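Residue-level structure breakdown
The residues making up each chain are set out below.
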Amino acid sequence: MGSIESRRSIRRFKDVEPERESLEAVLRAGLQAPSPKNRQPWRFVVLSGECKRELAEAMRGEIALLIREKPDREDIRAGLETMDIISAAPVLILVCYEHGTVKQHDDGVDWQISARDVEAVELQSIGAAVENMLLKAEELGMGSLWCADILYAYRAVSKYSKGPVVSAVCLGYKDEEPGERPRKALEEMCEFCSRGQ
């Protein structure tokens with residue numbers, strides 16, 4: 001079984017910080033992701049120790065404030081569970097999006113792709129970078145969790161980044177072995193089309 005099949009989202013980590021060499025291998029895997037015109041629109045901020053603890057507490061406070069303002073939002077409440085995981089994980093990698101502008105050239109005519117189009121494509125490449133990191137962590141015997149709830153605590157995380165933080169990855173050695181979660185069947189999710197058949 002390869003790392004794609006064996007990878008699971010890990011929510012319980014051992015209290016052991018991964019070696020710097022392993023962390024750098026995970027980050028280098030992220031840097032190998034494809035991106036449009038090789039713009040590489042990502043930036044990673046690695047937090048551990050006191051930095052990560054301080055951020056986790058600031059995020060928890062920010063989410064608690066949101067819950068008081070919007071008590072009916074279950075998605076925000078779930079963010080507190082993510083904060084518990086972030087607090088316990090040895091390492092948190094903030095995944096940031098460095099804005100860029102793109103000018104294309106077509107038949108001698110300059111034209112500007114809309115900023116929204118550029119952002120959509122660049123965010124896809126950031127997703128590929130995160131997936132590369134998750135798979136490398138699995139390959140190295142580590143566990144990981146891709147966190148989107150971090151967006152609920154945007155003010156807390158923004159001080160660590162020059163660009164917007166779009167997600168985060170918890171990283172460490174696994175303290176659980178969850179089973180495989182159900183996946184939809186290939187026949188349900190894919191269509192094959194070929195001319196002449």
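Residues numbered from 1 in each chain as written. Predicted model: local features only at pLDDT ≥ 70, side-chain atom pairs only at ≥ 80, totals over all residues. Heavy atoms only, no water.

1. Here's the deal with helix α4 (residues 74-88)
Here α4 is 15 residues long and its end C-alpha atoms lie 22 Å apart, about the 21 Å a rise of 1.5 Å per residue gives. Every buried residue of α4 is accounted for by I76, G79, T82, M83, I85 and I86. The arc that holds every buried residue of α4, seen down its axis, measures 160°, which confines them to one face. Turned more than 90 degrees from where α4 packs its buried face, E74 and E81 sit exposed. Looking at the buried side of α4, the elements it contacts are α3 (49-69), β2 (91-97), β5 (143-147) and β6 (165-172). (Helix = DSSP H or I, 4+ residues; strand = E, 2+ residues; numbered from the N terminus. Expected span 1.5 Å × (residues − 1). Buried < 20%, exposed > 50% of the residue type's maximum accessible area, 1.4 Å probe, protein only. Arc of directions from axis to C-beta. Contact = heavy atoms within 4.5 Å.)

2. A word on the environment of L94
Tracing the sequence through the fold places L94 in strand β2. Residue classification places L94 among the buried residues on the basis of a relative accessible area of 0%. On a C-alpha basis, the gap between L94 and Y160 in space is 8.4 Å, while along the polypeptide they are 66 residues apart. In this structure L94 touches R43, F44, V45, L47, L55, I150, V157, Y160, V165, S167 and A168, once residues within four positions along its chain are discounted.

3. So, the sheet that holds β2
The strand order β1-β2-β6-β5 describes an open sheet built from four strands, whose pairing is antiparallel. In this open sheet, the two edge strands, each paired with only one partner strand, are β1 (42-48) and β5. Taken pair by pair, the neighbouring strands of this sheet meet at an average axis angle of 20°, ignoring direction. Both β2 and β6 contribute to a ladder of six bridges, which runs antiparallel. The residue bridging V91 from the neighbouring strand is L171, located in β6. (Pairing = 2+ DSSP bridges. Axes fitted to C-alpha atoms, helices over the stretch in contact; angles between N-to-C directions.)

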